[in-house]
Amino acid sequence: MRDFDLQLFGEEKTEPATPRRREKAREEGQVCQSKDLNAVVEILVGLIVISLYAGYAINVFVAWIKEMISYLGSNVLRGDGWMSWPFESAVWNYFVAWLPIGVIAVLASVAVIIKQVGWKISFKPFALKLDRLNPIKGLKKIISLRSLVELVKGLLKATIFAWIIYIALKDKLPEAVHTVRIPFTAGAAVLGDQLWWLSMRLALVLLIVAIADYSYQKWDFEKKLRMSRHEIKEEHKQTEGDPQIKSKIRQRQREMAKRRMMASVPKSDVVITNPTTLAIALRYDRELMQAPIVLAKGKGLIARKIRDLALEHEIPVLERKPLVWALYDNVEIGDEIPAEFYKAVAEVLAFVYRLKKKQ
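Here the structure is a predicted model, which means the values were calculated and not measured. (Residues numbered from 1 in each chain as written. Predicted model: local features only at pLDDT ≥ 70, side-chain atom pairs only at ≥ 80, totals over all residues. Heavy atoms only, no water.)

(A) Local environment of the sheet that holds strand β3 (residues 293-299). Read across the sheet, four strands follow the order β3-β2-β1-β4 without closing on themselves; strand pairing throughout is mixed. Of all strands in the sheet, those bounded by a partner on one side alone are β3 and β4 (317-319). Averaged over all pairs of adjacent strands, the angle between strand axes in this sheet comes to 25°, irrespective of strand direction. Strand direction decides the pairing type here: strand β2 (residues 278-283) and β3, joined by six bridges, are antiparallel. Looking at the pairing, I280 lines up with K297 of β3. (Pairing = 2+ DSSP bridges. Helix = DSSP H or I, 4+ residues; strand = E, 2+ residues; numbered from the N terminus. Axes fitted to C-alpha atoms, helices over the stretch in contact; angles between N-to-C directions.)

Okay, structure coming up:
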C-alpha cells in the first residue's frame, strides 16, 4: 500500500518562513510593527525633552507676552494691518519654543519604526485591491482574534490610566488647590511638575503595554508567515528548479559527454586496461602537446566499450594494472598526465611505436 503525506492535503503551516517568503511579505507591506510602541517612544522622548527644554520655552513665551502687552499701547493699533506683526511674532515664537521638541520626538518615533520594519519603501500596500471591498472579508477582520486582542488592550489601558489618574488626584489634589494661595510663578511650577510626573507615569504604563503588544504582534506575524512543507518544496522548485528536471538534465549531459568521449577513442594511440574493469585511452602528439593526455576513461561497461572501440579501430590494448589504476584516480578526461607518470607512460608509448614499426 502506498503511503501518502497527509500534510500535503491538510496544508498545515508548521514550518518557519523562508528568507524568500519574508522578503516577499516585506515587498507587499506585511511587516511586524506595534503602533503603540511608536507612540509611547514619541511621548517619552517628548516628555524628557520638555523637562530639559521647558525652561527656555517658558522664557520665550513670557517674553512674547511682555512684547504683546507693550504692543497694546502702541500707535500701530490705529493703522491698517495692525494684526500682521503680532501674528507673525506669535507664529515665530511658537516654532522657536516647541518645534525642536516635536522634531526630536518625531525622529525618535521614526527610528523605532525603522528598527521594527527595516529601511525599505514599498508602494504595494497603497495599490487598489478589489478584495478589500469584500464585506465578508471585512467582517472576518472585525470578528477575529486580533480584534479581540485590540479590544482587551484598549480596555486594559483605559482601566490602568483611570486608576493612575485617580491615585494622582487623590494624593496631589490638596497640593494643587493650595497653589492658588502662592505666587503665580511658584504655583505654575508646582502644577507643571505634577502634570509632568503624571504624564510620565502614564507613558511608562503605556510602554509596558506596548512591549507586550509588540511581543504579540511578533508572534502573530510569525504565525501568519508560517509555511507548509509543500509550500517550501514548491518555492525551492521555483528558485532552484525542479529536482526531477535537474536530474534529467544532468543525465542528458552525462550521456552527451560519454558520447563525445567515445567518439574520441579512435583518435587515441593506445588503450591501457587492468584488464577487465578499467580502461584508459591515451594520445600524444609531439607537435601539439607537452605531455600525453587522457582522451577517455571508464569502469565496467564503459571500459568494455572503450576496449571494443579500440580493437575495432586497430588501436593497441595493453594491460598495465598499477598504471591504469593510478591514472584513473588522478587524471580527468582531457587533462595531461602528471609528471610522476611520464616514465611509465613513455614506456607504453615506446612499446606501441615499436609495434607499429614492425607492422
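(B) Inspection of the pattern of salt bridges at higher detail. Inspection of every chain in the model, using the stated rule, returns four salt bridges. For E332, the salt bridge identified is with K297, shortest N-O distance 3.9 Å. One end of the pair, E332, is in the loop between α11 (321-330) and α12 (342-358); the other, K297, is in strand β3, with 35 residues separating them in the sequence. (Salt bridge = Lys/Arg side-chain N within 4 Å of Asp/Glu carboxyl O.)

(C) Structural context of the nonpolar core. Counting residues in hydrophobic clusters, the biggest one holds 18 residues, and the most contacted among them are V270, I272, L282, L327 and V345. Contributions of two or more residues to this core are made by β1 (270-273), β2, α11 and α12. Once you skip the residues sitting within four places of it in the chain, V345 turns out to touch L282, P292, L323, L327 and I337. Core analysis: the second largest hydrophobic core is formed by 15 residues, M261, V265, A281 and L295 among them. (Core = buried A, V, L, I, M, F, W, Y, C linked by side-chain atoms within 4.5 Å. Buried < 20%, exposed > 50% of the residue type's maximum accessible area, 1.4 Å probe, protein only. Contact = heavy atoms within 4.5 Å.)

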